[in-house]
Amino acid sequence: MTHPDGAVPAHGGGPVVVVGPASWNTLVRVAALPEARSQTLFASGHHDGLGGTSAGKAVTLAALGIDVRLRTVLGADALGDAVRGALAHPRIALDAVPARDGRTERHVNLMTDDGGRVSVYLTLPSPGVAVDAAAGLAGARAAVVDLAELSIPVLAAARDAGVPVWCDVHDDDGVAEFQRPFADAADVLLVSGARLADPVAYLRARVAGGTRLAVCTRGAGGALALDADGFWEVAAAPAGAVVDTNGAGDAFLAGLLAATLDGRGTAEALAWASAAGALAVATEALAAPHATRDGVRALARGVAVTRA
């Protein structure tokens, strides 16, 4: 693997280690997100399925031919069995840490057609056993360290092992305490622009702090990225009809990482990211488990990535 800035890290050719949430979710489609008042809502549809940002990255990376070791907290319950079944893939090695209370993470997500979402956490498990933060990192190609209690010790362990750290801090506002260690540790950083008052300033601060490539996603507006040589404008790949936006950011990061592992340059890797994100919104499944390398490559050819 080559970092986006061209530096070759000291690590092996093993799997990508992904650490963070996997859950079982109920997704409810509504016309508009509810206001903060008593009311009755009528759903236009609903379904249950795999959730969790780390699960979304794992299934997309696996679809793109990348071996993954996924460490997550799962309960000894029927929902845990459902998550395990949904993650069954020859390229995914599941490292399931037992939940302290035996219950698997579960959400109810209210979704709108324009990508709006309200997530209600019904269960948020903690690890029930001590976990070796360095497990699986020797020889790993990269560590994708997602926002979770389980993940925090992995940030330092990956750095100690010389493994590049990739972090998705979601809707970080640049101030919230929980995201800070992730943002500070990332070699490659992904953030949503949803809560950023000044994305340009945020990206500049991250790169000044040592991040090699910082990317702010903007939904249908594409993405803005910054590396040591300046800003990149990334167009949104044509997505067609938007079916479900869950996991679009996870697929974006997976596409970026897969292209980087191939040794592709930053512009092409960002185009792959945009293409994978577009594939994710075209399915009810989490992220883009249906993606193929050929499909992402073909879609990426039409994505404009230019220096801003």
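The structure presented is a predicted model; accordingly, all values stated were derived computationally and were not measured. Residue positions are given per chain, counted from 1 along the sequence in the order it is written. The predicted origin of the model limits local features to residues at a pLDDT of at least 70 and limits the giving and counting of side-chain atom pairs to 80 or more, whereas totals for whole chains, interfaces and linings rest on all residues. The basis for every side-chain value is the complete set of non-hydrogen atoms in the structure, without hydrogens or water.

(A) Seen up close, the overall build of the protein chain. Counting from the N terminus, the helices are DSSP H or I runs at least four residues long and the strands are E runs at least two residues long. A count of helices and strands for the protein chain gives eight helices and 14 strands. The globule rule used for comparison is 2.2 Å times the number of residues to the exponent 0.38, while the radius of gyration itself is calculated over C-alpha atoms. Relative to a compact globule of 308 residues, whose C-alpha radius of gyration would be 19 Å, the protein chain shows 18 Å and is just as compact. Overall, the protein chain is about 50 × 40 × 40 Å in size when its C-alpha atoms are taken along their principal axes. Only protein chains enter the area calculation, which uses a 1.4 Å probe; residues under 20% of their type maximum are buried, those over 50% are exposed, and those in between are partly exposed. The 308 residues of the protein chain split such that 51% are buried.

(B) Looking closely at the UniProt feature "domain: Carbohydrate kinase PfkB" (unreviewed entry) in the protein chain. UniProt positions are given in the numbering used here, feature names are shortened, and annotations may be inferred rather than shown by experiment. Taking the numbering used here, the UniProt-annotated feature "domain: Carbohydrate kinase PfkB" (unreviewed entry) corresponds to residues 197–288. Helix makes up 42% of residues 197–288 and strand 16%, whereas the separation of the span's terminal C-alpha atoms amounts to 29 Å.

(C) Inspection of the packing of helix H7 (residues 266–280) against helix H8 (residues 293–300) at higher detail. Axis separation between H7 and H8 bottoms out at 8 Å; the angle between their running directions is 115°. Here H8 runs roughly perpendicular to H7, going by the angle between their axes. Both H7 and H8 take part in a crossing whose hand is right-handed. Listed contacts from H8 to Ala271, Trp272, Ala275, Ala276, Ala278 and Leu279 of H7 are Arg293, Val296, Arg297, Leu299 and Ala300. Between N-to-C directions, angles cover 0 to 180 degrees, with each direction set by a line fitted to C-alpha atoms, over the stretch in contact for helices. An angle below 35 degrees is read as roughly parallel, one above 145 as roughly antiparallel, one from 65 to 115 as roughly perpendicular, and any other as oblique. By the definition used in this description, the sense in which the near helix is turned from the far one sets the handedness, with an anticlockwise turn below a right angle giving left-handed and a clockwise turn giving right-handed. Throughout, a residue-residue contact means that at least one pair of heavy atoms, one from each residue, lies within 4.5 Å.

(D) Representation of a nonpolar patch on the surface within the structure. Distance thresholds for patches are 9 Å for like charges and 5 Å for nonpolar side chains (Val, Leu, Ile, Met, Phe, Trp, Tyr), applied to residues having over 30% relative accessible area and no salt bridge. Note on areas: Shrake-Rupley, 1.4 Å probe, and residue coverage restricted to the protein chains presented here. Here, a salt bridge means any side-chain nitrogen of Lys or Arg that lies within 4 Å of a carboxyl oxygen of Asp or Glu. Together, Leu33, Val118, Val120 and Leu122 line one region of the surface with nonpolar side chains, adding up to about 280 Å² of accessible area. Tracing the backbone shows Val118 in strand E7 (residues 117–123).

(E) Looking closely at the nonpolar core. Ranked by internal contacts, the top residues of the largest apolar core, which has 58 residues, are Val16, Val215 and Leu256. If one sorts the elements of this core by residue count, helix H6 (residues 248–261) sits on top with ten residues. With residues up to four places along the chain from it excluded, the contact list for Val215 reads Leu189, Leu190, Val191, Leu203, Ala223, Leu224, Ala225, Phe252, Leu256 and Leu270. Think of a nonpolar core as a cluster: buried Ala, Val, Leu, Ile, Met, Phe, Trp, Tyr and Cys residues, connected wherever their side-chain atoms sit within 4.5 Å. Counting 35 residues, the second-largest nonpolar core is a separate cluster that includes Ala99, Val163, Ala183 and Leu196.

(F) The arrangement of the pairing of strand E2 (residues 23–29) in detail. Burial of E2 is extensive: seven of the seven residues sit out of reach of the surface. Across the two faces of E2 the burial is the same, with Ser23, Asn25, Leu27 and Arg29 and Trp24, Thr26 and Val28 all buried. At least two DSSP bridges between two strands are required for those strands to pair. The pairing of E2 with strand E3 (residues 45–51) spans seven bridges and is antiparallel. Note on E3: the bridge partner recorded for Thr26 is Asp48. When E2 meets strand E6 (residues 106–111), the two strands line up parallel, connected through six bridges. Paired with Asn25 across the strands is His107, a residue of E6.

(G) Seen up close, the environment of Glu284. Secondary-structure assignment places Glu284 in the loop between H7 and H8. Given the relative accessible area of 47%, Glu284 is considered partly exposed. Separated by 40 residues in sequence, Glu284 and Asp244 have C-alpha atoms that sit 5.3 Å apart. Filtering out sequence-adjacent residues up to four positions away, Glu284 remains in contact with His47, Val243 and Asp244.

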